[in-house]
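# Residue-level structural notes
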Amino acid sequence: MLGKLFKYDMKQISRIMLPLVLLTFGTTLFGTAALKTVNEVVVPMESGVAQNVLLSSLYMVFGISVFVLCAFAVMAILFTVARFYKNLFTDEGYLTFTLPVNTSTIIMSKFWATVLWMAIASIAIVVCIFIYVSFGNAPHGEFFNTAFYKDLGEMLKIVMSKLELSDAMFLSEAVVCVILQVVHSVFMLFLAVTIGSIVAKKHKILASVGFYYIINSIVSTIMTAFTMICVTNSVEVEDPYIALQVVFVSGIVFFAILSIAEFLIINAFLKKKLNLQ
């Protein structure tokens, strides 16, 4: 049943997110064309009013494309969280909770759909940035910025040649820590929406925003104290790699416990405290 719910959630989110992705790619292409025009046409021109007008216009197009890219990064998160709210705490919630599935399945379906779209959005943003660098920032007279990729390749060769087993372990722990931090961030958003929607009879969205800041402040305080303890203990360790591993392993444990706790609290609220009126 989780698979069916997940497909439904992805379909609902895709109706908005796919057009946003296409819009972002479209504005990125316009911004890239503007940058390329600046390098190829405007810069070689003689200084004067015409050059200034063209520069201003083209940089405005580029600025708008960058703004759209940044807005897309924010909207990708906000819209998926908005779907969580709409599916569970509006009139749609009546239909959602009549499905023959437990609340944990519903939560995990929303979670995986949110995480997947966050990943898609992140990949789209990275691709857009590489489009800017590869074409818009290409040297005068060249269509593609080959120098950037040559430098990038040389840098990666140097890094890979010096990479040891201990470095690979360190990087893997860092990646796991970042992934768990993302998991915690999604569940924290869900928790804020859940508490705000259940506690507040009116202005549920405002209440959710308020609870997000409260929860985030509490978690940040705990995280700061936790980090200070880890760093203090790590200072006593002579090997810097071991010290960093202590920090990352501690972070993995911290975010894992936090994510599980947030999931259990959301599940408990939806089971016992849900009020859609």
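Residues numbered from 1 in each chain as written. Predicted model: local features only at pLDDT ≥ 70, side-chain atom pairs only at ≥ 80, totals over all residues. Heavy atoms only, no water.

### Some points on the overall build of the protein
- The number of helices and strands found in the protein is eight helices and zero strands.
- Counting from the amino terminus, the protein carries its helices and strands in the arrangement α-α-α-α-α-α-α-α.
- Residue pairs at least 24 apart in sequence account for 77% of intrachain contacts in the protein once pairs closer than 6 positions are excluded.
- A total accessible area of about 16,300 Å² is found for the protein, and carbon and sulfur atoms account for 74% of it. (Helix = DSSP H or I, 4+ residues; strand = E, 2+ residues; numbered from the N terminus. Contact = heavy atoms within 4.5 Å. Areas by Shrake-Rupley, 256 points an atom, 1.4 Å probe, with all protein chains shown as cover.)

### Section: the pattern of salt bridges
- Across all of its chains, the model carries one salt bridge by this definition.
- As a salt-bridge pair, Lys110 and Asp9 come within 2.8 Å of each other at their nearest N and O atoms. A residue pair is termed long-range when its members are at least 10 positions apart, and Lys110 in helix 4 (residues 103-136) and Asp9 in helix 1 (residues 2-42) qualify at 101 residues.
- Here Asp9 falls in the buried class, since its relative accessible area comes to 3%. (Salt bridge = Lys/Arg side-chain N within 4 Å of Asp/Glu carboxyl O. Buried < 20%, exposed > 50% of the residue type's maximum accessible area, 1.4 Å probe, protein only.)

### Re the side chain of Ser208
- Structurally, Ser208 is set in helix 7 (residues 204-235).
- Apart from the residues within four sequence positions on either side, Ser208 is in contact with Ala192, Val193, Gly196 and Ser197.

### Comments concerning empty space enclosed by the protein
- This structure, assessed with the given rule, holds one cavity of 30 Å³ or more.
- There is about 50 Å³ of room inside the largest cavity.
- Contributing to the lining of the largest cavity are Asp9, Gln12, Ile13, Thr80, Arg83, Phe84, Asn87, Lys110, Ala113 and Thr114.
- For the lining of the largest cavity, the elements supplying multiple residues, two or more each, are helix 1, helix 2 (49-89) and helix 4. (1 Å grid on protein atoms, 1.4 Å probe; cavity = no way out; pocket = protein on both sides within 12 Å on 5 of 7 lines; lining within 4 Å. Points joined across faces, edges and corners; volume = space filled by probe spheres on them.)

### Comments concerning the packing of aromatic side chains
- Scanning all chains against the criterion turns up nine aromatic pairs.
- Arranged with centres 5.4 Å apart and planes meeting at 70°, the rings of Phe254 and Phe255 form a pair that is edge-to-face. Here the two residues Phe254 and Phe255 agree in accessibility, since each one is buried.
- Counting every residue linked through ring pairs, the aromatic cluster contains Phe84, Tyr85, Phe89 and Phe190. (Phe/Tyr/Trp six-rings, centres within 6.5 Å; stacked < 30°, edge-to-face > 60°.)

### Here we look at the environment of Leu88
- Note on placement: Leu88 falls in helix 2.
- The class of Leu88 is buried, set by a relative accessible area of 0%.
- The spacing of Leu88 and Thr194 is 106 residues in sequence and 8.7 Å in space, taken between C-alpha atoms.

### Quick word on the environment of Thr96
- Position of Thr96 relative to the elements: it lies in helix 3 (residues 92-96).
- Spatially, the C-alpha atoms of Thr96 and Ile106 are 8.3 Å apart, while their sequence positions differ by ten residues.
- In this structure Thr96 touches Asn87, Leu88 and Ile106, once residues within four positions along its chain are discounted.

### Side note on the nonpolar core
- Counting 32 residues, the largest nonpolar core has Phe89, Phe187, Phe190, Ile215 and Ile266 as the members making the most contacts within it.
- Taken together, the elements giving at least two residues each to this core come down to helix 2, helix 4, helix 6 (165-199), helix 7 and helix 8 (240-272).
- Here this core takes twelve residues from helix 6, the largest share from any one element.
- Excluding residues that lie within four positions of it along the chain, Phe187 makes contacts with Ile107, Met108, Phe111, Ser259, Glu262, Phe263 and Ile266.
- Grouped together as the second largest cluster of nonpolar side chains are 15 residues, Phe72, Ala113, Trp117 and Ala121 included. (Core = buried A, V, L, I, M, F, W, Y, C linked by side-chain atoms within 4.5 Å.)

### A closer look at the layout of surface pockets
- Considering only enclosed or pocket space, the largest pocket measures out at about 380 Å³ in volume.
- Taken together, 13 residues form the lining of the largest pocket, with Leu78, Val81, Val193, Ile205 and Val209 sitting closest to its centre.
- Where the lining of the largest pocket is concerned, the elements lending two or more residues are helix 2, helix 6 and helix 7.
- By residue class, the composition of the lining of the largest pocket is twelve nonpolar, one polar and no charged.
- When its volume is computed, the second largest pocket comes out at roughly 180 Å³.
- Lining the second largest pocket are Leu5, Tyr8, Asp9, Asn87, Glu92, Leu95, Thr96, Leu99, Ile106, Ser109 and Lys110. (Nonpolar A, V, L, I, M, F, W, Y, C, P; charged D, E, K, R; others polar.)

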